[in-house]
Number of protein chains: 2
Amino acid sequence: MGITSKELAELCGVSRTTVHRALYNTGRINPETKEMILKKAKEYDFRPDLLARGLVTGKTFYIGVVIMDSDNRYFSQMLNAIVREARKKGYSVNITFHENNADIEKEQLCRLVDYRVDGIILSSIRKGTDYRKFLRGLNTPVVTIDNKVAKDLPFVGINGKKATYEAAEQIIEKGYEKVVLVCPPLADAARENVYVHEERAAGFTKAMRKHPAVKSVIIDGWDYAKKAFQELEEAGGRTAFFCTADIFALEIMQYFRERGKKVQRDYGIMGFDNIDILRYISPKLCTIYNSVEEVARNAVDLLFALMDEEEVPAERIVDYIPVDGETL
Amino acid sequence: MGITSKELAELCGVSRTTVHRALYNTGRINPETKEMILKKAKEYDFRPDLLARGLVTGKTFYIGVVIMDSDNRYFSQMLNAIVREARKKGYSVNITFHENNADIEKEQLCRLVDYRVDGIILSSIRKGTDYRKFLRGLNTPVVTIDNKVAKDLPFVGINGKKATYEAAEQIIEKGYEKVVLVCPPLADAARENVYVHEERAAGFTKAMRKHPAVKSVIIDGWDYAKKAFQELEEAGGRTAFFCTADIFALEIMQYFRERGKKVQRDYGIMGFDNIDILRYISPKLCTIYNSVEEVARNAVDLLFALMDEEEVPAERIVDYIPVDGETL
DNA sequence: TTGAAAGCGCTAACAG
DNA sequence: CTGTTAGCGCTTTCAA
């Protein structure tokens, strides 16, 4: 740290108030004193203590982010976009991970509030009215992303149900006789908020009901690759796997490859999210673009609106975009 | 925010000091008053204002991180590890990106200091004694990672030179008659700190000098995929590409695949870093594990030592680990 | 046009 | 064992 405003004031032979006025053009001030103060300020490289300012103004120009972690490719892209957006508006980002642990999530949220962040973006693993009450009790604007926590909490996400509905239709059109939904998180639905995946599963089942002739299977749980392989072996017609996240698709392709199964020849597969690493994967995975940048931008935007206490619609649904590939 | 310590004191009918003593076991206090205060504190969910505390104690329990961005897979893994390590020690992380812009880097560093972070981890794009002076002038412990900024600044990284030296030897042993080093950042060496890549290039050239019979080429600049392809076409013997980052290798493999070249049959290739997405890439890329977690752990560790004003060796070199694959 | 004084919420030295 | 007081560095009335 350099010099304080008090020291600067002494150096200039004026009061702290005058220094303040010179620096922030607030109130009337003699142009000459102002210039003199600015010169000295530059000379001594005065920079205000942001902690002290935050304490008195009640604004820290910080936003807090609580997500699972940044190992997950989707989240690290999200984080990147959030930091960028925030910076544009002069905000810094305080990042924390809950690591899929409900207690940690709560703890981190409290900590952020105690640091007086101006707002929070949260991808929660919790849900329900109790938790909504807790979030409200923080007395800090919170925007939820990905997983919806409760109906009336600000939320940004995509319409996953519609996306998977349409995708399933498309798969069926291609003539697959058996379509397997791979959705591991469903197994955790009792303990965690897996809204994102439930929505995607819902779209799938809705589509399958329309086509009773096509065989349909749902796989949940984290030994999904093995289960998927069994389904492929049993077969009973051309089989496609629809995964509720790209990462599951990649794991399965890997698993199948090691067992001599070739995509397109032996099976079809589709993912969801269009994470950036797909660029390096061959053959190109069919997927659905869950526009991270768009979600991030909207989340930050909505958060700022809430911080300004604007009356805003509490929900923003961003468009998804189907991405063509070579795996169906 | 909930209730303040002053309000809590009133509620309990004692002074703020007593409240403080009850909460933090400091100094003598009547067990009964203590219990009473703790009970009330819990009842009203008192949590101290961390900003105010930071202002008075001079410690914020924040560390700042300045890296390029979290699009880069290496950095997002790094970030993840740093946040984890920091949390273990009760610290939060304030994350900022410099986006390869020297001015932004400086600005972000200042901002972090003005927020009184207790220490900073920096992957810089600058170097030299002037910049070292600037960093010293921040009066905040700074640990540099990846790129060394100046000799006597705390630094954590791996021995890239030795790693590439050994790797090059290995490639040559496999009988390749031409080895191409792909190191795009070298083209930016005048403007940026590209220490990491310079080191890796140095190890390569050192090895090649030992084997004058093997043809050796160096490619820099960001149209490297095209250039690499030209080298392959010209050939003049079995050709291997040694890339100073996995990501370059992936781009090249992609580029070559689109042009009908098959790895191992038509060329050999090796990367550096062992980023996590390689797991999904087939064939498995030969590479060198740049132990992110290890680097992160050491960086945080070293930073804490500096913050405690311990006399510590300013440099920690972490081991790399060669990773076998199917691309040579 | 300038300055004095209060206060943000906390900690810490010093009295009682 | 408890309370008073001062102060971290800033902003913001209010008065001169």
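Structural data are supplied above this passage.
Residues numbered from 1 in each chain as written. Chains lettered and ligands numbered in written order. Predicted model: local features only at pLDDT ≥ 70, side-chain atom pairs only at ≥ 80, totals over all residues. Heavy atoms only, no water.

## A word on the sheet that holds strand S6 (residues 178-182) of chain B
Sheets are built from strands that pair by backbone hydrogen bonding, the pairs being arranged parallel or antiparallel.
Residue and element names in this part refer to chain B.
Then comes step 1: The sheet built from four strands is open, its strands ordered S7-S6-S8-S9 with parallel pairing. Of all the strands in the sheet, just strand S7 (215-219) and strand S9 (268-270) have a single pairing partner and so form its edges. When strand polarity is set aside, the average angle formed by the axes of neighbouring strands in this sheet is 15°.
Then comes step 2: Pairing analysis gives three bridges linking strand S8 (residues 239-243) to S9, with the strands arranged parallel. Opposite Phe 242, over in S9, you have Met 270 as the bridge partner. (Pairing = 2+ DSSP bridges. Helix = DSSP H or I, 4+ residues; strand = E, 2+ residues; numbered from the N terminus. Axes fitted to C-alpha atoms, helices over the stretch in contact; angles between N-to-C directions.)

## A short note on the protein's contact with DNA strand D
Then comes step 1: With respect to spatial proximity, 26 residues lie near DNA strand D, and among them Ser 5, Arg 16 and His 20 of chain A together with Thr 17 and Thr 18 of chain B are the closest.
Then comes step 2: A breakdown of the atoms of DNA strand D within 4 Å of the protein gives sugar and phosphate a share of 54%.
Then comes step 3: A distance of 3.3 Å separates a phosphate oxygen of DNA strand D from a polar side-chain atom of Arg 28 of chain B.
Then comes step 4: The set of elements that each furnish at least two residues to the surface near DNA strand D consists of helix H1 (5-12), helix H2 (16-24) and helix H4 (50-57) of chain A together with helix H2 (16-24) and helix H4 (50-57) of chain B.
Then comes step 5: Grouping the amino acids of the surface near DNA strand D by side-chain chemistry returns nine nonpolar, 10 polar and seven charged. (Near = heavy atom within 4 Å. Polar contact = N/O pair within 3.5 Å; in protein donor to acceptor, adjacent residues only side chain to side chain. Nonpolar A, V, L, I, M, F, W, Y, C, P; charged D, E, K, R; others polar.)

## What about the relation of the copies chain A and chain B?
Then comes step 1: After a rotation of 180° and a shift along the axis of 0.0 Å, chain A superposes on chain B with an RMSD of 0.1 Å. The transformation relating the two chain copies, once decomposed into turn and shift, fits a two-fold axis. When each C-alpha of chain A is compared by its distance to the rotation axis, Asn 94 of chain A comes out closest, at 2.3 Å.
Then comes step 2: Take the interface residues of chain A: 100% of them recur as interface residues in chain B, which is what a same-surface contact looks like. (Least-squares fit on C-alpha atoms with pLDDT ≥ 70 in both. Contact = heavy atoms within 4.5 Å.)

## Section: the packing of helix H1 (residues 5-12) of chain B against helix H3 (residues 31-43) of chain B
Between two packed helices, both the angle of their axes relative to each other and the distance between the axes serve to describe the pair.
All names here are of chain B.
Then comes step 1: Viewed as axis vectors pointing N to C, H1 and H3 meet at an angle of 125°, and their least axial separation amounts to 10 Å. As summarised for this structure, H1 and H3 are arranged oblique, according to the angle between their axes. Handedness of the crossing formed by H1 with H3: right-handed. Across from Leu 8, Leu 11 and Cys 12 in H1, the residues of H3 making contact are Met 36, Ile 37, Lys 40 and Ala 41.
Then comes step 2: Of the residues in the contact of H1 with H3, the class split is six nonpolar, no polar and one charged. (Parallel < 35°, antiparallel > 145°, perpendicular 65-115°, else oblique. Left-handed = near helix turned anticlockwise from the far one by under 90°.)

## Some thoughts on the protein's contact with DNA strand C
Then comes step 1: Close to DNA strand C lie 26 residues, the nearest being Thr 17 and Thr 18 of chain A together with Ser 5, Arg 16 and His 20 of chain B.
Then comes step 2: Taking the atoms of DNA strand C that fall within 4 Å of the protein, sugar and phosphate contribute 57% of them.
Then comes step 3: With respect to DNA strand C, the side chain of Thr 18 of chain A contributes an N or O atom lying 2.6 Å from a phosphate oxygen.
Then comes step 4: Measuring from a phosphate oxygen of DNA strand C, one finds a side-chain N or O atom of Arg 28 of chain A at 3.1 Å.
Then comes step 5: Breaking the surface near DNA strand C down by element, the ones donating at least two residues are H2 and H4 of chain A together with H1, H2 and H4 of chain B.
Then comes step 6: Of the residues in the surface near DNA strand C, the class split is nine nonpolar, 10 polar and seven charged.

## So, the sheet that holds strand S5 (residues 155-158) of chain B
Then comes step 1: Reading across from one edge, S11(A)-S5(A)-S4(A)-S3(A)-S1(A)-S2(A)-S2(B)-S1(B)-S3(B)-S4(B)-S5(B)-S11(B) is the order of the 12 strands in this open sheet, with mixed pairing throughout. Bordering the open sheet on either side are strand S11 (315-318) of chain A together with strand S11 (315-318) of chain B, each of which pairs with just one other strand. Here the average twist between neighbouring strands, direction ignored, is 20°.
Then comes step 2: Against the sheet, helix H12 (residues 292-307) of chain B touches strand S1 (62-67), strand S3 (119-122), strand S4 (142-145), S5 and S11 of chain B, its axis set at about 160° to S4 of chain B.

## Some points on the pattern of salt bridges
Then comes step 1: Counted under the stated rule, the structure contains 52 salt bridges over all chains.
Then comes step 2: With a closest N to O distance of 3.3 Å, Lys 227 of chain A and Asp 223 of chain A form a salt bridge.
Then comes step 3: On the basis of relative accessibility, which here comes to 38%, the residue Asp 223 of chain A falls in the partly exposed class.
Then comes step 4: Lys 89 of chain B is paired through a salt bridge with Asp 301 of chain B; the nearest N and O atoms lie 3.2 Å apart. Highlighted residues: Lys 89 of chain B in the loop between helix H5 (73-88) and strand S2 (92-97) and Asp 301 of chain B in helix H12, separated in sequence by 212 residues.
Then comes step 5: The class of Lys 89 of chain B is partly exposed, set by a relative accessible area of 37%.
Then comes step 6: A residue is classified by how much of its surface remains accessible, and Asp 301 of chain B, at 32% relative accessible area, is partly exposed.
Then comes step 7: Each of the salt bridges in this network shares a partner with another, and the network as a whole consists of Glu 85, Lys 88, Glu 294 and Arg 297 of chain A. (Salt bridge = Lys/Arg side-chain N within 4 Å of Asp/Glu carboxyl O. Buried < 20%, exposed > 50% of the residue type's maximum accessible area, 1.4 Å probe, protein only.)

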